[in-house]
Amino acid sequence: MIRTVESEQRVSPPVLAAYSYCEAVTGQQARNFAYGIRLLSTPERRAMSALYAFSRRVDDIGDGVLTADVKTARLEETRALLARIRSGEVAEDDTDPVAVALAHAARHFPIPLGGLDELIDGVLMDVHGRTYETWDDLKIYCRCVAGAIGRLSLGVFGTEPGARGAERAPEYADTLGLALQLTNILRDVREDAEGGRVYLPADDLAKFGCSAGFHGSTPPEGSDFAGLVHFEVRRARALFAEGYRLLPMLDRRSGACVAAMAGIYRRLLDRIEREPGAVLRGRVSLPGREKAYVAVRGLSGLDARNVSRRTVRRRA
């Protein structure tokens, strides 16, 4: 996966302004994501901010208060804008800064923009109120809204020349996205329920007596809510373990970025596992000092080295 990056000096003022807008959106609305991408080079950080800003626009349409018909129409308008970006029809002086920034990023990194079509498909599932009977059903949604983001990000990161098994990098990026999304789903159980959304598979809810849903700060009467959470935590841990095999394939900065973002979510998962009921009382989060520690671990390459050692042991 070969990248070509235009030097900072050759980026025009309108494109720099567009990137600045996207970085401001990212810093204001995605603290964990913004924290991770600080570790990237300037061109990579800008490209990731453009991806985030476009994705944020899609998510905001899905999460808004408009009717389903209006949301669907706006999502399809956004898909049409993506088609213009893909075909090179967005000029540097276009009035949409997100489109300008993403178009520039896509010209200089091999970003698989079809992943953003998948994101739109996933948000349309939300708009139409889709529910999920099994984990296999939920995986389709998670791949659209998170696995696709992993593959898009890999287009910016690239892989190290000669990295062993690099052909599987998109698969690992996708799986890591699933791990992050399942962690999000666990963290946001109450918030999603208040918004009328249920993401956890219906057969899992039934298995642990939680089919009645979550309507307050306490689990359904007679349910094994802790058992449900621990079951999903184990599933997410298995996804993290598989997805982390991506780390040794990345350069130091990209690996540090991925390790930082994934590490934050893994620590969220630890907190949720220790106190399952906390997700029904409010949003579980990490303090800044803990995020900083995770970033230092990522930058040191410790997580990547641990993954490499485990991989070698499995092959031995």
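(A) Representation of the nonpolar core within the structure. With 98 residues, the main nonpolar core has Phe54, Ile85 and Leu116 as its most contacted residues. Among the elements that take part in this core, helix H7 (residues 135–157) stands out by supplying eleven residues, more than any other. Those residues in contact with Ile85, other than ones at most four positions away along the chain, are Phe54, Val90, Ala99, Leu102, Ala103 and Leu113.

(B) Broad picture of the side chain of Arg79. Position of Arg79 relative to the elements: it lies in helix H4 (residues 68–86). Of the polar contacts made by the side chain of Arg79, one reaches the side chain of Glu76; its length is 3.0 Å. What Arg79 contacts, discounting residues up to four positions off in sequence, is Asp117, Ile120, Asp121 and Leu124.

(C) Local environment of the packing of helix H3 (residues 42–63) against H7. Where H3 meets H7, the closest approach of the two axes is 9 Å, and the angle between their N-to-C directions is 155°. Judged by the inter-axis angle, H3 sits roughly antiparallel to H7. Both H3 and H7 take part in a crossing whose hand is right-handed. Along the contact surface, H3 presents Glu44, Ala47, Met48, Leu51 and Ser55, while H7 presents Ile149, Leu152, Ser153, Val156 and Phe157. Across the contact of H3 with H7, the residue classes break down as seven nonpolar, two polar and one charged.

(D) Examining the environment of Glu290 more closely. Within the element layout of this structure, Glu290 appears in helix H13 (residues 288–300). Expressed as a C-alpha distance, the spacing of Glu290 and Ile264, which sit 26 residues apart in the sequence, is 8.2 Å. Here Glu290 is in contact with Arg267 and Arg271, once residues within four sequence places are set aside.

What counts and how
- Residues numbered from 1 in each chain as written.
- Predicted model: local features only at pLDDT ≥ 70, side-chain atom pairs only at ≥ 80, totals over all residues.
- Heavy atoms only, no water.
- Core = buried A, V, L, I, M, F, W, Y, C linked by side-chain atoms within 4.5 Å.
- Buried < 20%, exposed > 50% of the residue type's maximum accessible area, 1.4 Å probe, protein only.
- Helix = DSSP H or I, 4+ residues; strand = E, 2+ residues; numbered from the N terminus.
- Contact = heavy atoms within 4.5 Å.
- Polar contact = N/O pair within 3.5 Å; in protein donor to acceptor, adjacent residues only side chain to side chain.
- Axes fitted to C-alpha atoms, helices over the stretch in contact; angles between N-to-C directions.
- Parallel < 35°, antiparallel > 145°, perpendicular 65-115°, else oblique.
- Left-handed = near helix turned anticlockwise from the far one by under 90°.
- Nonpolar A, V, L, I, M, F, W, Y, C, P; charged D, E, K, R; others polar.

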